[in-house]
Amino acid sequence: MPLTPPHDSQYILQCMDLWNGNKSIESVATTPGLEIFVYSEPYQGQRRGGDVHYVSLCAGGVVTRVMLADVAGHGTVVAGAAKMLRSLMRRFMNAKSQINLVRQLNREFTLLSQEGRFATAIVATYLSHRHCFTLCNAGHPRPLWYRAQAGLWSYIDDGELIHNGNVSNLPLGFDESAGYQQLALNIGDGDLLILYTDAFTEARDTEDRLLGENDLLQIVAGLPTDDVRGLGRGVLDGVREYSSGRPFEDDVTIMVLRFSKAQRRIPGLIERLKGYARVLGLRQT
């Protein structure tokens, strides 16, 4: 019987906040212009898992960064990798571009590859003052994108290419010299993105058939889109119904992002001063 992740109230990220990790959780967080639902359940009820999920907000309150990584392994063996991901998220949280973060992530996992550590990952950046969203996919399952104006779901496989690496988007740790594509998406008010780990598409029914992308899309397309928590829980319920309630065979994580004008805010002077104080080491983070 899987453990029930802790269910807490909405968390509002402040300037220089770094939220979440690799433990069991069910929660909603907000940053300027974004509402984010996170559900994560480590494999076989372990305290921590190989799915690592972070959201950060820069010192000025305009750069939100989201990461979902699936690190090879389970439990305590991935603790070092999770700590490294957290350190790099904090190091680059004030950078408006994610290119250097992804490059450094790949270098670190290349060093860990001798221990069998590699990862797939989605890294995304939202600049609320420009309403600009960029995404990098390093060998991870394709995110789902709901375009509110059209009322349609699809997988992300297009966008404006703003940086092209010299190889395909391999998982992190396979090639230290690899470059990674960065896509700029034309996000509209009310649009949704669903990030998830491969436990979803690899769920099996009673006849051992994989769910796959097409059936996952059908599950998502039949769900209401007015609530990020309800949508995330609906996806989980649909996949569990497909597999007749059998436990997932891996760590499972889903993140639902909603872009919302109503959530846009300009952090106040005191909040921003506290954020910059953290950058300068004058306050604890």
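This text goes with the structure placed above it.
Presented here is an overview of the structure given in this document. This is a predicted model, so every value here is computed, not measured.

## Here we look at the environment of Trp153
- Among the structural elements, Trp153 can be located in strand β10 (residues 152-155).
- On the basis of relative accessible area, Trp153 is assigned to the buried category, the value being 12%.
- Expressed as a C-alpha distance, the spacing of Trp153 and Asp191, which sit 38 residues apart in the sequence, is 9.8 Å.
- Aside from chain neighbours lying at most four places away, what touches Trp153 is Leu144, Trp145, Tyr146, Leu192, Ile194, Leu217, Val220, Ala221, Thr225 and Leu231.

## Topic: a nonpolar patch on the surface
- Among the surface-exposed residues, Phe118, Leu170 and Phe174 lie close enough to one another that they form a single nonpolar patch of about 270 Å² accessible area.
- With respect to the element layout, Phe118 can be found in the loop between α2 (99-112) and β7 (119-127).
- Residue Phe118 is classed as partly exposed on the basis of its relative accessible area, which comes to 33%.

## Some words on the layout of surface pockets
- Roughly 190 Å³ of volume is contained in the largest pocket.
- Lining the largest pocket are Ala199, Glu202, Ala203, Arg204, Arg240, Ser243, Arg246, Pro247, Phe248, Glu249 and Asp250.
- Of the residues assigned to the lining of the largest pocket, the class counts are four nonpolar, one polar and six charged.

## Description of the pairing of strand β8 (residues 132-138)
- Most of β8 is tucked away, with six of its seven residues classed as buried.
- Here β8 runs beside strand β12 (residues 182-185); their pairing, made up of three bridges, is antiparallel. Among the inter-strand pairings, Phe133 is bridged to a residue of β12, identified as Leu185.

About the cut-offs
- Residues numbered from 1 in each chain as written.
- Predicted model: local features only at pLDDT ≥ 70, side-chain atom pairs only at ≥ 80, totals over all residues.
- Heavy atoms only, no water.
- Helix = DSSP H or I, 4+ residues; strand = E, 2+ residues; numbered from the N terminus.
- Buried < 20%, exposed > 50% of the residue type's maximum accessible area, 1.4 Å probe, protein only.
- Contact = heavy atoms within 4.5 Å.
- Patch = residues over 30% accessible without salt bridge, like charges linked within 9 Å, V, L, I, M, F, W, Y side chains within 5 Å.
- Areas by Shrake-Rupley, 256 points an atom, 1.4 Å probe, with all protein chains shown as cover.
- Salt bridge = Lys/Arg side-chain N within 4 Å of Asp/Glu carboxyl O.
- 1 Å grid on protein atoms, 1.4 Å probe; cavity = no way out; pocket = protein on both sides within 12 Å on 5 of 7 lines; lining within 4 Å.
- Points joined across faces, edges and corners; volume = space filled by probe spheres on them.
- Nonpolar A, V, L, I, M, F, W, Y, C, P; charged D, E, K, R; others polar.
- Pairing = 2+ DSSP bridges.

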